[in-house]
Amino acid sequence: MERSRPDRPSSSSDWDEAEGQWKYTERSCWSSRHSAASDRPAACRCISTLRKMILLPGLIFILLGKPGRCLEDGGFIFDGDIRHFAVASNTVYVVTNETLYHLSNGLTLIQTLTQRGILNNEKFYRVSDTDELNATFSVNVLLPFEKNGTVVSCGVTDNECGYCEVLDLKNISNVWHKENYPLGPVTRSSASVAFLVDVERSTKETYILAANQQHEDKATTTRCVFDSNAVRLHNTNEGQTGGIFSDTDDSQTPSFNSKDEAGFVDGFQIGSIIYLLSNVRSKEEGSKVRLIWFEGKTSKTRTLQSRWGVSLDIFDGGDTSGRLLASSVVPPGGPSVLWSGVFSVDGGPTNTELVMFDITSDISLKPGGDPDFCASKCDSKEKLKTLKPKKVLLRQNHMTSVLAERHKTWMLFFIGTGDGQLIKLAVDKNYHTNCPMVLYRANDDRKVLPKILLDEVDRKHVYVAFQNQMKRVPVSRCSAYKTLQDCWSAQDPYCVWCGAKRCTVENECPNSDWLSIPDDYQQKMVSYNVVKDNTDQITINVQTHLTAGEMALSNFACEFSMIGIELFCSLQNPPPQFPQCTCILSNSTLPAEGLAVSVRIRFGMMYWLEKLTVMKCTEIRGPPTPVLFPVWKNTGVSLMFHIPRTDIKSVVKVCVLLPDHSCHGNIQITYRSLPSCTSITPNSSWISGKRKITLIGSQLEFVEGVIHRHALKEVRLPLKINSQVGQQSCTNLTYDTPAAINTQGISTSMLSLKVANETLDCSISITYYPDPIFINFTSTRTGESVRITIEKTADKLGLSPAELSVHGIQEKKPHKCIMESPKKHNQTNFFICQIRSTSDPKFQQLKITYGDQTVTVMHTSFLHLFRLMLLVLLLIPCIIGVVAIVYRAKQKKLTARMNKRIENLELDIRNDIRQGFVDLQTEQAELMENVGAIPFLDYKHFASRIFFPENEALLTSCIKDISQVMFDTSCWCCVCWYHFVTLDVMMLLYLTCDQDAVKVQLDECYQGLSRLIQDQLFLTSMVHALEEQKTFTIKDKSDKDKCALASLLTVVLHSKLLYLTEVMEALLKALMQQSINTQPKMLLRRTESTVEKLLTNWMSICLYGFLRESVGQHMFLMVSALTQHIAKGPVDYVTGKALYTLSEDWLLWQAQDFSTLKLKVLFAVGGDGEVSEPLEVYVLNCDTVEQVKGKILSTFKAKFGFAYNTNISDAFIEFEKDGSFVPLEQVDASSEVIQEMTMINTLKHYKVPDGATIKVLSKTTHPSLSPQMSLTDDANFSRKYFHLIDPDVDEDQTKNPERKKLKLKEVHLTKLLSTKVAVHSFVENLFRSIWGTPQGKVPHAVKYFFDFLDTQAENMKITDPDVLHIWKTNSLPLRFWINILKNPQFVFDMEKAEHLDGCLSVIAQAFMDSFSLSENQLGKHTPTNKLLYAKDIIKFKQEVKAYYKQVRNQPPVTNTEFKAFLQEESKKHVNEFNEAAALRELFKFIQKYFTEIKEKLGQNGAPHELTEQLHHVKSLFDGLRSCSWT
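Definitions and limits used
Residues numbered from 1 in each chain as written. Predicted model: local features only at pLDDT ≥ 70, side-chain atom pairs only at ≥ 80, totals over all residues. Heavy atoms only, no water. Phe/Tyr/Trp six-rings, centres within 6.5 Å; stacked < 30°, edge-to-face > 60°. Helix = DSSP H or I, 4+ residues; strand = E, 2+ residues; numbered from the N terminus. Buried < 20%, exposed > 50% of the residue type's maximum accessible area, 1.4 Å probe, protein only. Patch = residues over 30% accessible without salt bridge, like charges linked within 9 Å, V, L, I, M, F, W, Y side chains within 5 Å. Areas by Shrake-Rupley, 256 points an atom, 1.4 Å probe, with all protein chains shown as cover. Salt bridge = Lys/Arg side-chain N within 4 Å of Asp/Glu carboxyl O. Lys, Arg positive; Asp, Glu negative; His and termini not counted. Charge placed at Lys NZ, Arg CZ, Asp CG, Glu CD. Disulfide = S-S within 2.5 Å. Axes fitted to C-alpha atoms, helices over the stretch in contact; angles between N-to-C directions. Parallel < 35°, antiparallel > 145°, perpendicular 65-115°, else oblique. Contact = heavy atoms within 4.5 Å. Nonpolar A, V, L, I, M, F, W, Y, C, P; charged D, E, K, R; others polar. Polar contact = N/O pair within 3.5 Å; in protein donor to acceptor, adjacent residues only side chain to side chain.

Asker: What is the right way to look at the packing of aromatic side chains in this model?
Answerer: Each aromatic ring pair is described using two quantities: the centre-to-centre distance and the angle formed by the ring planes. On inspection of all chains with the given rule, the structure shows 53 aromatic pairs. Ring centres 5.7 Å apart and planes at 45 degrees place the aromatic pair Phe 556 and Phe 603 in the tilted group. Of the two residues, Phe 556 sits in strand S41 (residues 556–562) while Phe 603 sits in strand S43 (residues 595–603), which places them 47 residues apart along the sequence. You'll find Phe 556 and Phe 603 in the same group, each marked buried. In textbook terms, an aromatic cluster arises when at least three aromatic residues are bridged by ring pairs, as seen for Phe 1327, Trp 1331, Phe 1346, Phe 1407, Phe 1411, Phe 1436, Tyr 1443 and Tyr 1444.

Asker: I tried to follow a positive patch on the surface on my own but got confused; where do I start?
Answerer: A surface patch of positive charge is lined by Lys 890, Lys 893, Arg 897 and Arg 901. Along the polypeptide, Lys 893 turns up in helix H5 (residues 862–922). Relative accessible area serves as the criterion here: at 58%, Lys 893 is assigned to the exposed category.

Asker: So what exactly am I meant to see when it comes to the state of the cysteines here?
Answerer: By definition, a disulfide links the sulfur atoms of two cysteines through a covalent bond. If you walk through the whole model with that rule in mind, you get eight disulfides. Here Cys 677 is linked by a disulfide to Cys 762, with a sulfur-sulfur distance of 1.7 Å. Of this pair, Cys 677 sits in strand S49 (residues 676–681) while Cys 762 is found in strand S57 (residues 758–769), placing the two residues 85 residues apart along the sequence. Like Cys 762, Cys 677 is buried. Each sulfur in the disulfide pair Cys 817 and Cys 833 lies 1.9 Å from the other. Its S-S torsion of about 95 degrees marks the bond between Cys 817 and Cys 833 as right-handed, since a negative value means left-handed.

Asker: How do you make sense of the packing of helix H16 (residues 1310–1330) against helix H21 (residues 1430–1449) when you look at a structure like this?
Answerer: Helix packing for two helices is described by the angle between their axes and how far apart those axes are. Running from N to C, H16 and H21 point in directions that differ by 10 degrees, and their axes come no closer than 11 Å. In terms of axis orientation, H16 runs roughly parallel to H21. Contacts between H16 and H21 involve Lys 1316, His 1320, Glu 1324, Phe 1327, Arg 1328 and Ile 1330 from the former and Asp 1432, Lys 1435, Phe 1436, Glu 1439 and Tyr 1443 from the latter. Taken together, the residues that form the contact of H16 with H21 break down as four nonpolar, one polar and six charged.

Asker: Quick question: what am I supposed to make of the side chain of Thr 737 here?
Answerer: Structurally, Thr 737 can be placed in the loop between strand S55 (732–736) and strand S56 (747–755). With a relative accessible area of 1%, Thr 737 lands in the buried category. At 3.0 Å, the side chain of Thr 737 and the side chain of Ser 685 are in polar contact. Among all residues touching Thr 737, those that are not within four sequence positions of it are Ser 685, Gly 689, Lys 690, Arg 691, Ile 693, His 708, Ile 766 and Tyr 768.

These figures capture arrangement, not role.
Below you can see the structure in the form of structure tokens.
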């Protein structure tokens, strides 16, 4: 086949390394380093795969159209309705109206190809989406040709011409061949088929058999020539006679037609026989289902001439009104060809049956003698042979599709329905059917399309297509069955009971130790019979109805016993032989009450206990036990009971059970889908309510009421429920709307349906508009009647004449007015009606009724209107004169006021700019020489905050004192709980353990697990096994598994840092091998694997000494200076924004004028009024009460060196005013309220002057004080309160003109620069302490790890120096120092405010920019955080470059030196962590992924002893769950 060039190549797409803007947050699901594509979330797999394909330069077409989206539950939603789909080995192809999709077998997106383009000279071309599109290629035939590596796609374009393409099977954007050719139907048809067939010639040739629907009127009018023949054979490659797609054969064109209207349902080939199934309909004979055979031999001509056929009849009486809806052949299992079809009994879609036929070809029939299909003229009078069905397998309404499969001796049928169900039916070799099982149910009644296909990769899933989505549904749900009995009772041939543990599929059960159902249907798993021969010898024969694996068969045994009596079987017992065992009783007499016998049957390692009651046949009594549902109400003539839930949409039978156990009645209850609503008409109502609304949907017969959400769950019962004739689902109901709560303006209300005790959302809203306004009416005589024209204001209600009832009032007598169609003119509606009871047009008024409202419209005469208009004309000049005078006076006042405001505005802006300039020039850093003791955290608290930044539970448990966990068995078995449920009563049974024994067990468990972890092969295998699991994630709402695993390993191996380093190196090497093949510059950039978090922890341990000795003081001074400078200006209590900051996002540019106050603060030291010496505290008059308390306590700590003995939340302050103290509160009765927002009280609100006296009280000194509730505890805090930033509400500006001054953000940007100047020296000192080299040497860990990276780069032959620079930057500055710079609370005993976090982020950004290799392009749109340190970064980059050079030139650290360093670090912090708690948490991971870890050990060639050690540790931990009675 000749390949053609693509229409137009796609534009290239470059990957941006983004080094100019470092991002040091954890990465989302777009990771490029998952261990396998299947480990990613479904949504990530489909899009990341698409991204990789788009990056192929110059090889791929432009992929136009929407890509659709994949679903988490194994499905895919497309951008339009599905036209066709097909499966080829491990891929799925789906075509919609505008897009062809190429999906993996797991339904993740691989590629899309648009079907939109342009027509140029009657030829179709795909173009870029930026070009104008004017044509669509509508696909009607889609055939993957695996042997040829192609996909054949044929259909029509918008010019009604046939068009075909041959695409690359693995890359559908490669078009190998295309041409205008009519192959397949002209229009989209569900009654046409096309499939590949093989014809035996000198070599086997493959053709496309196309069978097109034949209509009664066979003339099709199109612009292009189309083939009207019913069946043709087309070529599949250029080397065949006539070329690709040609239907010629040597010198002729073979085909055949149908005599009457024909629609084709299915076609397939088995061996050399080709099968074609169709529905044929004629006026003379009605409809019938036809089967045609062909024999693929010699040539196209002989193949089509070899046809012979039969008629399929599913009726006993010869009725031929049936119709074939769907078809599937049963995979061959013998000489017979079995086939199943979904038939419509009456020709409609509702009454359907699944029928099985034996369609083995009958070679005795005469070829070519067919009355329905012929080559030229159909004049054969030959009588067709009729085939009868072998079995009607299922009668079920609305079946739409079927797929037949074979598993061992069983046949499985997967059936789709019109209400969105996928049903599985198992049939044994004797054609006995098991109970149908629902595998999948759609949320709505969207029908299953007529084709279901099997996933050929694992043969454990089927593809089910709905309107615009596809699902990949498992063929079985074995894991849902938890016992052997349940697994067997499911009667699912796919399921086996494996090793006495679980129900699963056979190939997932090792050692062939499994049990399954037998080869044919059986009612019980174990049956027995009792035989008494003529010698009175009693024999019990036990038969097991099972299929067993090899291991289970080899260990088959039976043990008979009887409760209370030792039962001996005779010595003449035959040995057990699967599936039967026998016991000959030694005693030939049975007791009157029967003999209770227990049979213990062994299958390999599995056991089954069967209890038998051996009785005399004459002693058997009693009726069968029915399944009962209680009656709730019995009136004597009717019964009320609750219908139980079910998972199946079907019909069940109900009868009434009397006390004598007899069942009467045969009532049917139909289970259907829940009701759904699609639309309402009309979709609006007037405010007063009572408008009749028709709700349209499905299954509305179940609706008990309609709920309007605005009406406080008020239920409006349906007035009327209608259903279309012949349909079971009610499609509409009518009800009256309730009145709207909001009687002004327009409002909406959501609708819900009340169904039994549930409320279903409708997702439909109704709009309320004001009631209609009728203005006037006119009446004119027309013959013997009066024509009334009613004038109404135009609105959006869409009022119809049927909703109005009009009566004309004449001499107090009403006359009915019959409504006609309305008219509209401009902004007025006119309703016309006729009064036929009188011919007098003089009506004084009309009474108009709509809903439950009646309005009266008075008639207005022309004379009255004339007088009114004359009066208005006289008043207009007077009004204009008055308005002009008033307007002129107002305009003068407004101009003067506006000029004054502009002057004030200019003055305010001028003052703000001048003040900013003054701050910038006078600002200077005040070096804090005496900061007192720096509040360093001890090592274990520092390390634990690094290890577990977001997991408080693990943080607490891993640093708990050893004395507190010497005996901690609470996690295992101190109390065991057993639940016994009898008559809804739960009993709790307490068990306790021998504590000493448990302590010994725990020690043994921890020691065993510790030894296991110290094996490097096990540890690396475990980490890799866990990271390959989909459920083991780095970023999850509940837990970050990979981070937790790394930190737990760090705690456990903290005392063995040398071994931890070796493990880290091994994992890093494996990670580098993955990254080197994708994007080496992204290595270590984000925490996406366990080893990356392990590296962070390792750096924290090794650099703690350097951090505390060389960097800590500079960092504390920088944070303190920043905190003090921020406190100089106002800070908004609600948003946290500050006037003095480094971040534009946290800049409080809306702040009003403020002043500094010096307060004298007294501390109450006793309950009798004693106070301390006054303490001077500087605050701002705009500070809130909580901010004042915070500054008081901070000043106290700075002056005395220790904290005040009361928390800020327990402290109270009072202000001395007029000789008495007034309590200051955040919010009180005097607080200012603007609409619904409350302003938090400030010192300015309380009018506290400079030098005022404040007294601090506490609960300790004044127990009578009531506790205060913090405003921030309110969930709606930011929406209910404000401080310095005014709420977005209208307010009278005369009340507070100061607050309404115009503020511009850009004017206050100088505050950023002044803050930078104030702290710049501290920032410089901090940076230089980090990349400084005390005594000319960097820390051992830095030198060692940088040398390690150099070595790995050399081994991997990486020559790009930028890659190595990025690796070092990602591992040290980004992974360690950024974490410290942004989180000083990790190092010091302090709290980090939000506005401080914004400033630290800017400093951290500048720090990382200093390590960047890219040059930042600065401009007016550059963020201010980049501009703030732009000049400094140039200098910092030179220092960083010198630092890296110095590290590289420093002599390497010897192994002995580094080993000694690690041992010293381990000894420093012995017994500071709870290793037992960390081991316990690690075992939870091992337990959860035990099987996967064991498999990974096997893959890595682990010795058998290591696997045994793993099993031993698991058994030790499992043993802790056993408890003893006390």
